[in-house]
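A look at the structure
The primary structure of each chain is shown beneath.
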Amino acid sequence: MTLVKTTYNRRSFLKGSTLAGGGMILGFSWLASCKPTPEQIKSMPKEWFDINGFLKIADNGMVTIMSPNPEIGQNVKTAMPMIIAEELDVDWDDVTVEQAALNTDIFTRQLAGGSQSIRQGWESLRMAGATARHMLIAAAAEAWQVPADEITTNEGILSHEASNKSANYGEMASAAGAMAVPEEVALKEVKDFKIIGTDRKNVDGLDIITGKPLFGLDIDEEGMLIAMIVHPPAFGMKYKSMDTESVKAMPGIKDVFPIEVYPEGVEKQWSDGGGIAELVAVVGASTWQCMQAKKALKVQWEEASKPESSSDHDAALTKLLNTTAAAPARQDGDVKKAFKNAAQVIERTYSAPFLAHNTMEPMNFFAHVTSEKAMLKGPVQTPEFLEKTLVSVLDMPLEKIDIMMTRMGGGFGRRLYGHFGVEAAVISKQMQAPIKLVYSREDDMTQGTYRPAYKITYKAGLDKEGNLIAWHVKGAGANDDLVFENRFPAGTVDNFLAEKYTLESNVTTGAWRAPRSNFIAGAEQSFIDEVAEAAGKDPIDFRLELFDRAINNPVGDPEKNDYDPKRYAGVLELVKEKSGWTNGGKARGVSAYYCHNSYVAQVLDLEMEGNTPRVQKVWCAVDCGIVVNPLSAKNQIEGGIIDGIGHATYSEMTFENGKPIQENFDTYQLIRQQQAPKEIESFFVDNGIDPTGLGEPSLPPIIGALANAMYKSTGKRYYNQPFISEKQVLG
Amino acid sequence: MANYTLNINGVQQEIDVDPSTPMLWVLRDHIKLVGTKYGCGIAQCGACTIHLGDDAVRSCQLTVSSVGEKPITTIEGLSENGDHPVQKAWLEEDVYQCGYCQAGQIMNASAFLKSNSNPTEAEIETAMNGNICRCGTYTRIKKAIMRAATSENA
Ligand code: FES
Ligand code: FES
């Protein structure tokens, strides 16, 4: 039995309080989302009892669980409550889920990013459920005058066998709230899980398919105006002046003015990222009117720093790869000597362009700022940090700032950078009115915060037997130094050298689904494929040999190696078996990668249709520890695979004198239904290890599997993304 | 500005807007039906798909002045309780991730199945190619459409 210390902030316990109107509010959302049967209506709760901030229990035994973390489509709003419900021991059908507001007194890490919600929430969510169950048992023990340890629970029912007493949680909820919070609680054994590990449908499913207002862009508040922004048309430019007279007179337009989002001296957070310091705001009665005004508005911009073009980025990255680092990131053995002694040396360079996140829902935020308080609501992955920036920008104490989270129409890292929330607040303050800031697709795509452009060179040395004896990796990225020096194949090669460089660019960059890995994995796994071929070995066997080395006789300090070679080999073996791997004949590629604490191996079959790959099937083996909700875990895996294939094949952001060439989906190509894989099958390693991330890990390796399969089909290696340039596809 | 009477989800709605206003913004900003989504504004993503009569159209390209008498159906009016066969199939397949594109996908799929009740996989792919799903739920969308087609034929 696992015992965990309860670590609540005691303030978070609203003991025995009945929530004013709680039943009403919840009853409503429950009605709206579940279309209750007559029996359910009969059991509509009258009173709700707050147990510990994470959950409320109604007098009739219904349970509301708060989902603490932002929902960006990774389905934590289903998975996190499942974990609480498991330890609480309730029937999942009696549970409804609500999005919690930002409240750092109760919840830790209300942030979506790095595939960490489940991993980091695991223990605290289990504890929340177990604590509540413990208090319910204590309440029953007192009511029945029996020892607590003789009371059992089962799906929301408390029983005491000896005295033949039983009650549902609702009957004890009020008393439970008044019980002492235990110092420590016991958690369930993995084998006893009834909810975790089972397929549970998305709790917001019905709301999504009926078009309910779930998203930030759907917000509509009394007296609300629409605000849009105009940002500099090119990186390296800043606001100079404008003529607003005629535009202010346009129908529906309330005001047009420059805003200083980040005035000199404000305290920025990392989450402000590439937020632009000075913008133009257009405020009006409706979105279409603001869009028209934006078009008519003439703004003068001036140069702030040297404008850059894509050709400059490419040349500068190449130049960096031709330098030699004074201090390499990692060095084992002597690569120079090893390359000299090698029977074969292979050297290849890979590149990838800037990418926009292009969440389907463009950036937006609602703000109502008065001299008294600031109320904000919208889609942001980092509400806690947004609040901190607002303290400085609005010069207002933290207690007066409220941030509510909405469902997000995609994140992929973009909504880690909440500058749009700050912009909304500044505009609302100026207007003295509630406003909803709306980015057009063009504003969104050309704002920046891109996945950096990357370039990497790999060099491998093989001995006469085809053993890998030397490995040299040199990587560079825009505002990012790219290489993970302690990841595979570090620790498997005697002579190993890793160098990394950063290109300073005024094109702003940020985390994009599986940062760095989203490029490195594809490059490294294509390179390994080429090296295995040169060694005359099967690509899976070649990798397994390397993992054997890391398991049995690792190079350097194994503690330093940032992966577990056994789990790595495990997913490769699983995908080998499931795909019925053979290396001959078919246009089939394999790839494996580890990031965000999870291991993924994939096999991909494709057919080329002209020069465009059509993926027929992907087999994907994943080791992410315990899988909380396999149904949605598979959805994440499928999404990552399609995302990876799409971007590596079709997408790019390019620049001419600082100006983004792609502004919308006519020129920025995203993968579509006819290009998507026909079938994806996922498999999990069942090992009972605490769960790790899933929002990102399936994306990086698929690019390698794709490139390797394309090679099998065309005889050509693919070094530069996008593999199929837009010109070729669009004609 | 001009006055229009529109038939939306079976209800007559009076509005006073500029004739060039796309139905997307009429629905979202004026009628307050926000299930229809903005994704690109230039006919590239399909997030704004609605039905004009029986046809799936992109409401970002449909000006209010060109609607006339034709009835409009949005995701909110596709069924009373979310029980249109396509919606039911979406629930069964647990299609969505972020969910943002799905109203457009469902509106396009439901109009398509009306015109072709027994489609092949390739026909589904062609019909749905105009609807981007940034989260990459394409394989589930296809499965859901096949499921809906079978259930309708059953
Ligand atoms: S918003 Fe109409 S097609 Fe994209
Ligand atoms: S589910 Fe997110 S865009 Fe389709």
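Residues numbered from 1 in each chain as written. Chains lettered and ligands numbered in written order. Predicted model: local features only at pLDDT ≥ 70, side-chain atom pairs only at ≥ 80, totals over all residues. Heavy atoms only, no water.

**Side note on the overall build of chain A**
Each helix and strand counted, chain A has 19 helices and 29 strands in total. For chain A, the share of sequence-separated contacts (at least 6 apart) that also reach a separation of at least 24 residues comes to 77%. Carbon and sulfur atoms make up 49% of the accessible area of chain A, which totals about 26900 Å². (Helix = DSSP H or I, 4+ residues; strand = E, 2+ residues; numbered from the N terminus. Contact = heavy atoms within 4.5 Å. Areas by Shrake-Rupley, 256 points an atom, 1.4 Å probe, with all protein chains shown as cover.)

**Focus on the pattern of salt bridges**
All names here are of chain A. On inspection of all chains with the given rule, the structure shows 44 salt bridges over all chains. Between D541 and K576 there is a salt bridge; the shortest N-O distance is 3.4 Å. Here the residue D541 occupies a position in helix α15 (residues 539–552), and K576 occupies one in helix α16 (residues 565–579), the gap between them amounting to 35 residues. Several salt bridges converge on common partners, so that one network encompasses R348, D529, E530, E533 and R717. (Salt bridge = Lys/Arg side-chain N within 4 Å of Asp/Glu carboxyl O.)

**Topic: the interface of chain A and chain B**
Counting residues at the interface gives 60 residues for chain A, matched by 52 residues for chain B. Summed over both partners, the interface of chain A with chain B buries about 4900 Å², with 56% contributed by carbon and sulfur atoms. For the interface between chain A and chain B, the tally reads seven salt bridges. The partner of E638 of chain A in a salt bridge is R140 of chain B, with the nearest N and O atoms 2.9 Å apart. (Buried area = accessible area lost by both parts, 1.4 Å probe.)

**What about the domain arrangement of chain B?**
Residue and element names in this part refer to chain B. Assigned domains of chain B: these are domain 1 (2–77) and domain 2 (85–150). Just the C-alpha atoms count here: the centres of domain 1 and domain 2 sit 21 Å apart. Counting from both sides, the interface comprises 17 residues of domain 1 and, opposite them, 13 residues of domain 2. Summing the contributions of domain 1 and of domain 2, the shared interface buries around 1200 Å²; its carbon and sulfur component is 59%. At the surface where domain 1 touches domain 2, the tally comes to one salt bridge. As a salt-bridge pair, K114 and D54 come within 3.4 Å of each other at their nearest N and O atoms. Viewed at the interface, domain 2 and domain 1 are joined by eight residue pairs in polar contact (both at pLDDT 80 or more). Contributions of two or more residues to the side of domain 1 that touches domain 2 are made by β3 (49–52) and β4 (55–58). Here the side of domain 1 that touches domain 2 is built from residues that sort into six nonpolar, seven polar and four charged. (Domains from an automatic or database assignment. Polar contact = N/O pair within 3.5 Å; in protein donor to acceptor, adjacent residues only side chain to side chain. Nonpolar A, V, L, I, M, F, W, Y, C, P; charged D, E, K, R; others polar.)

**Considering helix α3 (residues 102–115) of chain B**
All names here are of chain B. With 14 residues, α3 extends 20 Å from end C-alpha to end C-alpha; this agrees with the ideal 20 Å at 1.5 Å per step. With respect to burial, α3 is a largely interior element, twelve of its 14 residues being buried. Buried within α3 we find Q102, A103, G104, Q105, I106, M107, N108, A109, S110, A111, F112 and L113. (Expected span 1.5 Å × (residues − 1). Buried < 20%, exposed > 50% of the residue type's maximum accessible area, 1.4 Å probe, protein only.)

**Comments concerning the nonpolar core**
Within the largest apolar cluster, 118 residues are counted, with the highest numbers of intra-cluster contacts made by L297 and L604 of chain A together with W90 of chain B. Among the elements that line this core, the one with the most residues is helix α18 (residues 699–714) of chain A, at eight residues. Setting aside chain neighbours within four positions, we find W90 of chain B in contact with I209 of chain A together with V95, Y96, Q102, Q105, I106, A109, I141, A144 and I145 of chain B. By size, the runner-up hydrophobic cluster in this structure holds 52 residues, among which are A498, I520, L572 and L574 of chain A. (Core = buried A, V, L, I, M, F, W, Y, C linked by side-chain atoms within 4.5 Å.)

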